[in-house]
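Here's the letter readout for the chains.
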Amino acid sequence: MTSRLKNGRFVKKKVGDRVAKALTAMSEAKKTKILETLHETTQCKIPDGNCIVALEKLAKNLKCTSCSSLLDMEKMYGYNREGLHVKFKIKCDTCGRYNNVNTAESTNGVSDVNMSVVLGAIHAGVGNTGLNKILACANLPRVIDKIYKKYEVVVGQAIELEAKESCKRAASEEKELVIKNVKKLCDTLLNFCGSAKAMEADAGVQLVNHSNILKEAGLQVRVIVGDEDSSMIAAVRADNPADMKTVESGVTQVKIML
Ligand SMILES: [Zn+2]
């Protein structure tokens, strides 16, 4: 069984159906895009549904950039939406200028409201599908995958940066505590009799000898506590040769690398 495409070519019905389906999807996507693009020549209705706005920002933006007159939302000539961030095009009654009115803060194309909801989705561990279910129930616009991925990258970089800063702060605090309590720590180590947890030798080497965070904080690990057969201590020592002393303490032997 065959079908005929728009260009006149005959193909199998299955292929024809697939092409028709793809064309319909493209047409629908184009319609959506058109609806979400600014219309500069004809007045349009205020969009249905709810919208998240930064009240202070919106109040400030609802003034004409040319004559400072208050703008009337009813004189909307279109809007542009990216995720939950909306930019209205409103004509000034006084001077006729078209003004772009942002509903929330946006810096270099990165919207605060979009970043917040994507961060919330990551924090809650729900992803874009879960986020859109919540938005749909609240009658808010959905965030398409492309936009979600864009903000996921931005938020991911911020999370990574904050995690590194947090580790640096913890390392600095640890350094200060060790300096303050060095004598107490030595006494504790000599009396230590607990069991060491199993630890991957390679991970130990990376954490002890090659941690950029510890290096940036000016912190060097000099003491490691482990049991007699700790392969991690051996690996750390092999990677960064130094004097290693073994001290027996109670039931468990404690190895101290100085
Ligand atoms: Zn004006």
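Quick caveat: nothing in here was measured; it's all calculated off a predicted structure. (Residues numbered from 1 in each chain as written. Predicted model: local features only at pLDDT ≥ 70, side-chain atom pairs only at ≥ 80, totals over all residues.)

### Thoughts on the overall build of the protein chain
Point 1. From N to C terminus, the protein chain includes nine helices and nine strands.
Point 2. Across the 258 residues that make up the protein chain, the buried fraction comes to 16%.
Point 3. A fraction of 62% describes how many contacts in the protein chain between residues 6 or more apart in sequence connect residues 24 or more apart. (Helix = DSSP H or I, 4+ residues; strand = E, 2+ residues; numbered from the N terminus. Buried ≥ 20, exposed ≤ 12 C-beta atoms within 10 Å, placed from the backbone. Contact = placed C-beta atoms within 7 Å.)

### Examining unusual backbone geometry
Point 1. Even without glycine at this site, Asn108 takes up a positive phi of about 50 degrees.
Point 2. The residue Asn108 is located in the loop between β6 (106-107) and β7 (110-111) in this model.
Point 3. For Asn139, which is not glycine, the phi dihedral falls at a positive 55 degrees.
Point 4. By secondary structure assignment, the location of Asn139 is in the loop between α4 (127-137) and α5 (145-180).
Point 5. The exposure class of Asn139 is exposed, given the 10 C-beta atoms found within 10 Å.

### Here's the deal with the sheet that holds strand β5 (residues 98-102)
Point 1. Read across the open sheet, the three strands follow the order β3-β4-β5; overall the sheet is antiparallel. The open sheet terminates on both sides in strands that have one partner only, identified here as β3 (76-82) and β5. Strand-to-strand twist across the sheet, computed as the mean angle between neighbouring axes with direction ignored, equals 20 degrees.
Point 2. The pairing of β3 with strand β4 (residues 85-91) spans six bridges and is classified as antiparallel. Within β4, the residue paired with Tyr79 across the bridge is Phe88. (Pairing = 2+ DSSP bridges. Axes fitted to C-alpha atoms, helices over the stretch in contact; angles between N-to-C directions.)

### What to know about the nonpolar core
Point 1. Grouped together as the largest cluster of nonpolar side chains are 13 residues, with contacts concentrated most on Val117, Val118, Leu131, Val143 and Tyr151.
Point 2. Listed by contribution, the elements that provide at least two residues to this core are α3 (112-124), α4 and α5.
Point 3. No other element matches the five residues that α3 contributes to this core.
Point 4. Not counting chain neighbours up to four residues away, the residues in contact with Leu131 comprise Val117, Ala121, Val126 and Val143.
Point 5. Formed by nine residues, the second largest nonpolar core is a distinct cluster that contains Tyr79, Phe88, Ile90 and Val101. (Core = buried A, V, L, I, M, F, W, Y, C linked by C-beta atoms within 7 Å.)

### What to know about the environment of Gly204
Point 1. The topology assignment puts Gly204 in helix α7 (residues 201-209).
Point 2. Accessibility expressed as a C-beta count within 10 Å gives 21 for Gly204, which makes it buried.

### Side note on the pairing of β4
Point 1. Inspection of the sheet shows β4 paired to β5 by five bridges, in the antiparallel sense. Bridging from a neighbouring strand, Phe88 pairs with Val101 of β5.
Point 2. Between β4 and β5, which pair antiparallel in sequence order, lie six residues; one of them, Gly96, sits at a positive phi of approximately 80 degrees.

### Quick look at the packing of α3 against α5
The axes of two packed helices give the description: the angle between them and the distance between them.
Point 1. In the contact formed by α3 and α5, the axes pass within 9 Å of each other and the chain directions differ by 80 degrees. Judged on the interaxial angle alone, α5 and α3 are roughly perpendicular. Residue-level contacts link Asn114, Met115, Val118, Leu119 and Ile122 of α3 to Ile147, Tyr148, Tyr151, Glu152, Val154 and Val155 of α5. (Parallel < 35°, antiparallel > 145°, perpendicular 65-115°, else oblique.)

### Quick word on α3
Point 1. Compared with the 18 Å implied by 1.5 Å per residue over 13 residues, the 18 Å span of α3 between its first and last C-alpha is a close match.
Point 2. All of the buried residues in α3 are Val113, Asn114, Met115, Val117, Val118 and Ala121.
Point 3. Of the surrounding secondary structure, the elements contacted by the buried residues of α3 are β3, β4, β7, α4 and α5. (Expected span 1.5 Å × (residues − 1).)

### What about the confidence of the model for the protein chain?
Point 1. Mean pLDDT over the protein chain stands at 78; residues scoring 70 or higher make up 74%.
Point 2. The element-level mean pLDDT for the protein chain is lowest in strand β9 (residues 252-257), coming to 46, with α4 highest at 95.
Point 3. Under a pLDDT of 50 for its full length, residues 32-36 has, in the predicted model, two contacts with residues more than four places off or in other chains.
Point 4. Note on residues 246-258: pLDDT under 50 across the span, and 40 contacts to partners over four residues away in sequence or across chains. (pLDDT = per-residue confidence, 0-100.)

### Remarks on the packing of α7 against helix α9 (residues 231-239)
Point 1. Two numbers describe how α7 lies on α9: the axes approach to 8 Å, and their chain directions differ by 50 degrees. On the basis of their axis angle, the class for α7 and α9 is oblique. Seen along the crossing, α7 lies across α9 with a hand that is right-handed. Contact residues: α7 offers Ala201, Asp202, Gly204, Val205, Val208 and Asn209, while α9 offers Ser231, Met232, Ala235, Val236 and Asp239.
Point 2. Partitioning the contact of α7 with α9 into residue classes produces six nonpolar, three polar and two charged. (Left-handed = near helix turned anticlockwise from the far one by under 90°. Nonpolar A, V, L, I, M, F, W, Y, C, P; charged D, E, K, R; others polar.)

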